[in-house]
Amino acid sequence: MKNNNSNIKLFIDGFKKFQKKHDNILEDTAYTQQPKAMMITCCDSRIDPSLITDTKPGELFVIRNVANLVPPFEGDLRHHGTSAAIEYGVLYLGVTDIIVLGHSNCGGIASLFSNQNKIKSSDFINNWIDIARDAKDRTLDRCKHNSQAEQINCCEKESLLISLQNLQTFPWIKDKIDKKEIYIHAWYLDLASGTIEAYNSDLKEFIPL
Ligand SMILES: [Zn+2]
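Residues numbered from 1 in each chain as written. Predicted model: local features only at pLDDT ≥ 70, side-chain atom pairs only at ≥ 80, totals over all residues. Heavy atoms only, no water.

Colleague: Hey, could you run me through the coordination of the zinc ion in this one?
Modeller: Each pair of donors in an ideal octahedron of six around a metal sits at 90 or 180 degrees, and each pair in an ideal tetrahedron of four sits at 109.5 degrees. Around the zinc ion, the donor atoms from the protein are Cys42 (SG), His103 (NE2) and Cys106 (SG), and they sit 2.0 to 2.3 Å away. Ordering the donors of the zinc ion by residue number gives the pattern C-x60-H-x2-C. Here the residue Cys42 occupies a position in strand β1 (residues 37-42), and Cys106 occupies one in the loop between β3 (97-103) and α4 (107-110), the gap between them amounting to 64 residues. Pair check on accessibility: Cys42 and Cys106 agree, each one buried. (Donors = N, O, S within 2.8 Å, 3.2 Å for Na, K, Ca; no water. Helix = DSSP H or I, 4+ residues; strand = E, 2+ residues; numbered from the N terminus. Buried < 20%, exposed > 50% of the residue type's maximum accessible area, 1.4 Å probe, protein only.)

Here you go:
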């Protein structure tokens, strides 16, 4: 079937180029994986976790969702995709570090701000983004005199702190944090400058890596 609107050829050609260039780099990890860390980041097409951390297949267990949010632990029988992936990475793969990576110009976070809200109604997105609603309230409290662009940047960082809090509502993560078997980190990638800031919980601020 010919579909002139499809971009799939770009990706088939890309895969063939990848195959030619690399002598199967997936072979080493073909039968098992032992990632060292978990990264929870945004679906945004500009974020490439392996590229920016210079890691190979098998080293980083990546979870992606809209606006890199961690929901609170909810023990119901709904379909919790992000929580299921977190459980797998923590309890079955035994990662020692969880990095929540946020970024500048995040459309998901911007949608919390009314006149940036391009998503008027949605089946899933608005309800999902509500996880970060407290981050917006904190931002408006702390940065009420800033421009809206600055408030959105501030909210992108505040939402990372909500995710750190929510990670600790998972009882088995809290237990591992207390036993120093797992460490949680919040990183913020500024796309324009290509820099990353990490949250320092002692100083209560984001510091460049
Ligand atoms: Zn984003």
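Colleague: Sorry, what's going on with the sheet that holds strand β4 (residues 183-190) here?
Modeller: Two pairing modes exist for strands in a sheet, parallel and antiparallel, and in both the strands are linked by backbone hydrogen bonds. Overall, mixed pairing links the 6 strands, which are arranged β2-β1-β3-β4-β5-β6 in an open sheet. The outermost strands of the open sheet, each flanked by one partner alone, are β2 (60-65) and β6 (205-208). Averaged over neighbouring strand pairs, the angle between their axes works out to 30 degrees when direction is ignored. Contacting β1, β3, β4, β5 (195-200) and β6, helix α7 (residues 148-167) crosses the sheet at an angle of about 165 degrees to β4. (Pairing = 2+ DSSP bridges. Axes fitted to C-alpha atoms, helices over the stretch in contact; angles between N-to-C directions. Contact = heavy atoms within 4.5 Å.)

Colleague: When you look at the side chain of Asp97 in this model, what are you seeing that I'm missing?
Modeller: Within the fold, Asp97 resides in strand β3. Buried within the structure, Asp97 lacks any salt-bridge partner; its nearest side chain of opposite charge belongs to Lys36, at an N-O separation of 11 Å. Among the polar contacts made by the side chain of Asp97, one reaches the side chain of Thr96 at a distance of 2.7 Å. Only 2.7 Å separates the side chain of Asp97 from the side chain of His185, close enough to count as a polar contact. Excluding its chain neighbours within four sequence positions, the residues that come into contact with Asp97 are Lys36, Ala37, Met38, Ile182, Tyr183 and His185. (Lys, Arg positive; Asp, Glu negative; His and termini not counted. Salt bridge = Lys/Arg side-chain N within 4 Å of Asp/Glu carboxyl O. Polar contact = N/O pair within 3.5 Å; in protein donor to acceptor, adjacent residues only side chain to side chain.)

Colleague: Quick question: what am I supposed to make of the pattern of salt bridges here?
Modeller: Any two side chains of opposite charge can pair, on the condition that their charged atoms come close. Inspection of every chain in the model, using the stated rule, returns 10 salt bridges. Salt-bridge contacts for Lys36 lead to Glu59; the nearest nitrogen and oxygen are separated by 3.7 Å. Remark: Glu59 occurs in the loop between α2 (49-53) and β2 and Lys36 occurs in the loop between α1 (8-21) and β1; sequence separation between them is 23 residues. Residue classification places Lys36 among the exposed positions, given a relative accessible area of 55%. Salt-bridge contacts for Lys176 lead to Glu181; the nearest nitrogen and oxygen are separated by 3.8 Å. Linked through salt bridges whose partners overlap, the residues forming this network are Arg138, Arg142 and Glu158.

Colleague: Where do I start with the nonpolar core in this structure?
Modeller: General note: in soluble globular proteins, nonpolar side chains tend to be found buried as a group. Formed by 23 residues in total, the largest nonpolar core has its most connected members in Met38, Ile40, Ile86, Val90, Ile98, Leu167 and Ile173. Only β1, β2, α3 (81-92), β3, α7, α8 (171-178) and β4 provide two or more residues apiece to this core. Among the elements that line this core, the one with the most residues is α7, at 4 residues. Not counting residues up to four positions away in its chain, the partners in contact with Ile173 are Ile86, Val90, Ile98, Leu167 and Ile182. (Core = buried A, V, L, I, M, F, W, Y, C linked by side-chain atoms within 4.5 Å.)

Colleague: What should I look at first to understand the packing of aromatic side chains in this one?
Modeller: Within a pair of aromatic rings, the relevant descriptors are the distance that separates the centres and the angle that separates the planes. A complete count under the given rule lists 6 aromatic pairs for this structure. Their ring planes at 45 degrees and their centres at 6.1 Å tell us that Phe61 and Tyr88 sit as a pair that is tilted. One end of the pair, Phe61, is in strand β2; the other, Tyr88, is in helix α3, with 27 residues separating them in the sequence. Residue classification places Phe61 among the buried residues on the basis of a relative accessible area of 12%. Residue Tyr88 is classed as partly exposed on the basis of its relative accessible area, which comes to 39%. (Phe/Tyr/Trp six-rings, centres within 6.5 Å; stacked < 30°, edge-to-face > 60°.)

This is a description of form; function is not addressed.
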